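Listed below are the residues making up each chain.
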Amino acid sequence: MQKLVLAKQIKFDQGKIELLNQKLSIFPVSVFSTIVDNNPKVVPDVYQATKESAQMFANEIKKRHKFTGQQLKSWLKDIVSFAGWGKAEFIIYDEKNFASIVRVQQSPVAEISKKKGYTDHALRGFFAGGGSASMETDLDCIEIKCVAKGDSICEFVLGKKQILKKDHPEFFKSQLWWLNEK
Ligand SMILES: [Zn+2]
């Protein structure tokens, strides 16, 4: 059912692909992962841009289909798979405490990354933006397991900035360092 909703939302026209008023283009994962691998300085931009883009998608879908938190969460999980970013599953979705854990199998960016580390900055941003929209508060995201590092899956923790900073100080420092300056 959700997949059908997604399939109807994507529009192909001569030389154009659009999903929920945002322009898309299909390019090999290697293009993206090479840029991120070679330029660690782009991490904040990748994260912030995907966060904003996910928020725009989620707000559009809220408007069109009146999706609420849980429905939006399922939609987010589906769009990640649909768009070829891996198979996502929410392990925890705690609306009361604004906390979530998402596991992703077969992240293509992690699978082909040449760096041994946490590589899924776009997915982090996407979950941060989508999670913020579905829980209706500003959330951020860190990756605590990654296939590129040698883990069997990628795992993401979503939460409020201050909580992530307190509970996962090392990850916060290495993945969201620029938020410290704000
Ligand atoms: Zn990963």
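If you're wondering where the values come from, they're calculated on a predicted model, not measured in any experiment.

Draft legend 1. Expanded view of the sheet that holds strand 4 (residues 87-94). Reading across the sheet, the 4 strands line up as 4-5-7-6 and stay open at both edges, with antiparallel pairing between neighbours. Of all strands in the sheet, those bounded by a partner on one side alone are strand 4 and strand 6 (140-145). Sheet twist, expressed as the average angle between the axes of neighbouring strands with direction ignored, equals 20 degrees. Set on the sheet, helix 6 (residues 121-135) makes contact with strand 5 (99-105), strand 6 and strand 7 (154-159); between it and strand 6 the angle comes to about 135 degrees.

Draft legend 2. Quick look at the sheet that holds strand 3 (residues 22-24). Strand order in the open sheet formed by 3 strands is 1-2-3, and the pairing between neighbours is antiparallel. What marks the edges here is a single partner per strand, and that holds for strand 1 (10-13) and strand 3. Neighbour to neighbour, the strand axes of the sheet diverge by 30 degrees on average, direction disregarded. Pairing geometry for strand 2 (residues 16-19) and strand 3, over 3 bridges, is antiparallel.

Draft legend 3. Molecular detail of the packing of helix 3 (residues 43-65) against helix 6. Where helix 3 contacts helix 6, the two axes come as close as 7 Å, and the packing angle between them is 35 degrees. By crossing handedness, the relation of helix 3 to helix 6 is classed as right-handed. Partitioning the contact of helix 3 with helix 6 into residue classes produces 10 nonpolar, 11 polar and 4 charged.

Draft legend 4. Structural context of the nonpolar core. Counting residues in hydrophobic clusters, the biggest one holds 37 residues, and the most contacted among them are A58, L72, L123, F127, C141, F156 and L158. Elements with a minimum of two residues in this core: helix 3, helix 4 (69-82), strand 5, helix 5 (108-112), helix 6, strand 6 and strand 7. At 7 residues, helix 6 tops the list of elements feeding residues into this core. If sequence neighbours within four positions are ignored, F156 has contacts with I101, V102, L123, R124, F127, C141 and E143.

Draft legend 5. Seen up close, the packing of helix 4 against helix 6. Here helix 4 crosses helix 6 at 160 degrees, and the two axes come no closer than 8 Å. One way to sum up the angle between helix 4 and helix 6 is to call them roughly antiparallel. Here the hand of the crossing between helix 4 and helix 6 comes out right-handed. Judged by residue contacts, G69, L72, K73, L76 and V80 of helix 4 engage F126, G130, A133, S134 and M135 from helix 6. Broken down by class, the residue content of the contact of helix 4 with helix 6 amounts to 6 nonpolar, 3 polar and 1 charged.

Draft legend 6. Fine view of the UniProt feature "domain: 4-vinyl reductase 4VR" (unreviewed entry) in the protein chain. UniProt feature "domain: 4-vinyl reductase 4VR" (unreviewed entry): in the numbering of this structure it lies at residues 99-160. Helix makes up 32% of residues 99-160 and strand 31%, with an end-to-end C-alpha separation of 8 Å.

Draft legend 7. Representation of unusual backbone geometry in the model. Non-glycine residue Q106 carries a positive phi angle of around 55 degrees. Among the structural elements, Q106 can be located in the loop between strand 5 and helix 5. Given 14 C-beta atoms within 10 Å, Q106 falls into the partly exposed group. With a phi close to 55 degrees, E136 is a non-glycine residue in the positive phi region. With respect to the helices and strands, E136 occurs in the loop between helix 6 and strand 6. With 14 C-beta atoms counted inside 10 Å, the residue E136 sits in the partly exposed group.

Draft legend 8. Up close: helix 3. Taking 1.5 Å per residue, 23 residues should reach 33 Å; helix 3 reaches 32 Å between its end C-alpha atoms and fits that length. V43, Y47, T50, K51, A54, F57, A58 and I61 are the residues of helix 3 that are buried. Those residues of helix 3 hidden inside the fold are in contact with strand 3, helix 4 and helix 6.

Draft legend 9. Molecular detail of the pairing of strand 7. Judged by how many residues are buried, strand 7 sits mostly within the fold: 5 of 6 residues are covered. One ladder, built from 5 bridges, connects strand 5 with strand 7; its direction is antiparallel. Following the sheet pairing, I101 is matched in strand 7 by V157.

Scoring rules and cut-offs
Residues numbered from 1 in each chain as written. Predicted model: local features only at pLDDT ≥ 70, side-chain atom pairs only at ≥ 80, totals over all residues. Pairing = 2+ DSSP bridges. Helix = DSSP H or I, 4+ residues; strand = E, 2+ residues; numbered from the N terminus. Axes fitted to C-alpha atoms, helices over the stretch in contact; angles between N-to-C directions. Contact = placed C-beta atoms within 7 Å. Left-handed = near helix turned anticlockwise from the far one by under 90°. Nonpolar A, V, L, I, M, F, W, Y, C, P; charged D, E, K, R; others polar. Core = buried A, V, L, I, M, F, W, Y, C linked by C-beta atoms within 7 Å. Buried ≥ 20, exposed ≤ 12 C-beta atoms within 10 Å, placed from the backbone. Parallel < 35°, antiparallel > 145°, perpendicular 65-115°, else oblique. UniProt positions renumbered as here; feature names shortened; annotations may be inferred. Expected span 1.5 Å × (residues − 1).

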